Amino acid sequence: MAAAIGEPPIAQSVTTGETEMGRQCVRNVLWIMCDQLRWDYLSCYGHPRLHTPNIDRLAGRGVRFTNAFVQGPVCGPSRMSYYTGRYVTSHGAVWNFVPMPIGEMTLGDFLRPHGVRVAVAGKTHVEADRAGIGRLGIDPQSAQGVLAGEGGFEPFDRDDGIWPPGFADEAHQYTAYLRQRGYDGANPWHDHANSALGENGEILSGWNLRHARLPARVREEDSETPYMTRRAIDFIEQNADRPWTLHLSYIKPHWPYVAPAPYHDLYGPEDVLPAKQDAREIEHAHPVLQGFRNCEVSRNFSQAAVRATVIPTYMGLIRQIDDQLGVLFDYLERSGRFDDTMIIFSSDHGDYLGDHYLGEKELFHDSVAKVPLIIYDPRQDAVRGRVESRLVEAIDLVPTILDAYGVPVPDHIVEGRSLSPLLRGEAPSDWRDAVFSENDFAFRDFVREPVGRPAHGCHMTMVRDHDWKFVHFEGLPPQLFDLRNDPDEFVDLGTDPAYAAVRERFQARLFDWLRNRRIHPTVSHAAMAGWTRKEDAAGIHIGRW
């Protein structure tokens, strides 16, 4: 078996399958994440044309959450919140390629001391805090340095999946695999896995949306999704004798929107659902939304011909993931791992696909900020196939996983809440009444410059409950949507005088959230509560006469 990086002694509490309180624990966790997968593009979430029987099968064995939201509608910030259990401005990775400070604790940091091997097969989007690593004198190539640079995940086979033309890196495992399989060129990832072949033998790049309906040049079994599924099975087989957490993180259906045959033409324009668009969205449009609508990807996805070309391929990529999950679930059944492994299925954010005249992500409509979340817990037979509508957040997964292992949740650090009561079918009376998400458009000059905002004044924050969605913009008008009467979020009430009281209520809710963040991650709540007694016992008697 391959050695794990920074491997500690195996903790007795995990290997025996019980906590100190005697409650049964899971042995393993398989955390599956898809990149840019919309919540409503699965048949178990109601898509009428895209059938995903294997994901549906997992939902039938677990709990399906219908109101799960990410803390950042962009890959990097969202994933760092997933991995730390903390809100975006708490961990500091406010956009893609922004490093988390080296002091931030992640799932791997919490679990590894308890003997759990924590690894990734696929994408994380973690950006190493190289300045922090260097300042502390840590060798980046050492076991400690690798884990610090990988966000606490052992890189069993990390592949963030975006390798533009000209990329050449022999250390990239998927690229090396493609070369071994006979795929030539300077960049097999681009030239074969994510491009098509023209009539005259030319490479038609997957970066161009017009080529989405053509089959990728790669054989289906050599494309990214089956490759990473096999790597996940490799990892599980290598760890038959110890507990593990594997983050199986598929790069698809994220762009480039290219699928191998036969998935490139399983669906056609007739399978494309109408875009959620309304002329009222254009009238008096919020300046930030208008900035995003003016960019190339939004202009293109606002065209019916582009949607009819791209969305069938997006659906095909999802169907390929579902088929591969069928392969993986069958393996888990044969190997007995379904009996001792918690399985989590999630997404880092959605994809506008033309909804609201937008492409990509970055804003807070439910098309993007709401995600699928399914959790199968082998210990909970009584709640199979349950649907849970309470508001949950991406940051809830870290405490849920720690709870499943019987590891105490450091609630002075982690801002999420364990979903264990909901997985047991309980109905906590004090469950949260709102969810929060953040992003920063400072990185988008085509938005920031027209609205005249400085780089440090472009933060936006969403507060959403079951009835309303409120978005605060620094220095700009807010947005407000009445979700009961306008579930598709067409009518922005952010400046309507009739709703001033609602906006004031949500401003107060936002202020309350800001005041109750975990701002002291280096000292526990128990230590804070006992500080004065500790001083007194140590002989420190301040002000004694």
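Our structure's up above, just so we're on the same page.
Attention here is on the structure that accompanies the text. (Residues numbered from 1 in each chain as written. Predicted model: local features only at pLDDT ≥ 70, side-chain atom pairs only at ≥ 80, totals over all residues. Heavy atoms only, no water.)

**A closer look at helix 10 (residues 224-238)**
- Taking 1.5 Å of rise per residue, the 15 residues of helix 10 would be expected to cover 21 Å, and the 21 Å separating its terminal C-alpha atoms lies within 8% of that figure.
- A large share of helix 10 lies buried, amounting to 11 of its 15 residues.
- Residues of helix 10 that are buried: Glu224, Thr225, Pro226, Tyr227, Met228, Thr229, Arg231, Ala232, Ile233, Phe235 and Ile236.
- Tucked into the core, helix 10 has its buried residues touching strand 3 (117-122), strand 4 (154-158), helix 8 (173-180), helix 9 (188-193), strand 7 (244-253) and helix 13 (304-335). (Helix = DSSP H or I, 4+ residues; strand = E, 2+ residues; numbered from the N terminus. Expected span 1.5 Å × (residues − 1). Buried < 20%, exposed > 50% of the residue type's maximum accessible area, 1.4 Å probe, protein only. Contact = heavy atoms within 4.5 Å.)

**Brief notes about the pairing of strand 14 (residues 468-473)**
- The element strand 14 is extensively covered by neighbouring structure, given that six of its six residues are classed as buried.
- By the alternation rule, side chains of strand 14 split into Trp468, Phe470 and His472 and Lys469, Val471 and Phe473, which are all buried.
- In the sheet, strand 13 (residues 459-464) pairs with strand 14 via five bridges, with the strands oriented antiparallel. In the strand pairing of strand 14, Met462 is matched with Val471.
- Counting the residues in the hairpin turn of strand 13 and strand 14 gives three residues.
- Pairing geometry for strand 14 and strand 15 (residues 479-482), over four bridges, is antiparallel. Bridged to Lys469 within strand 15 is Phe481.
- Where strand 14 folds back on strand 15, the antiparallel hairpin that results is connected by five residues, among which Gly475 adopts a positive phi of roughly 75°. (Pairing = 2+ DSSP bridges.)

**Things to note about the pairing of strand 7**
- A large share of strand 7 lies buried, amounting to 10 of its 10 residues.
- Bridge analysis of strand 1 (residues 28-35) against strand 7 gives seven bridges, and the strand direction is parallel. Looking across to strand 7, one finds that Cys34 is bridged to Tyr250.
- Bridge count for strand 3 against strand 7 is six bridges, and the pairing is parallel. The residue bridging Ala121 from the neighbouring strand is Leu248, located in strand 7.

**Structural notes on the state of the cysteines**
- Tallying each qualifying case throughout the model produces zero disulfides.
- Cys44 forms no disulfide, and the closest cysteine sulfur to it belongs to Cys34, at a distance of 11 Å.
- Here Cys295 is not disulfide-linked; the sulfur of Cys75 is the nearest cysteine sulfur, at 15 Å.
- A relative accessible area of 13% means that Cys295 is categorised as buried. (Disulfide = S-S within 2.5 Å.)

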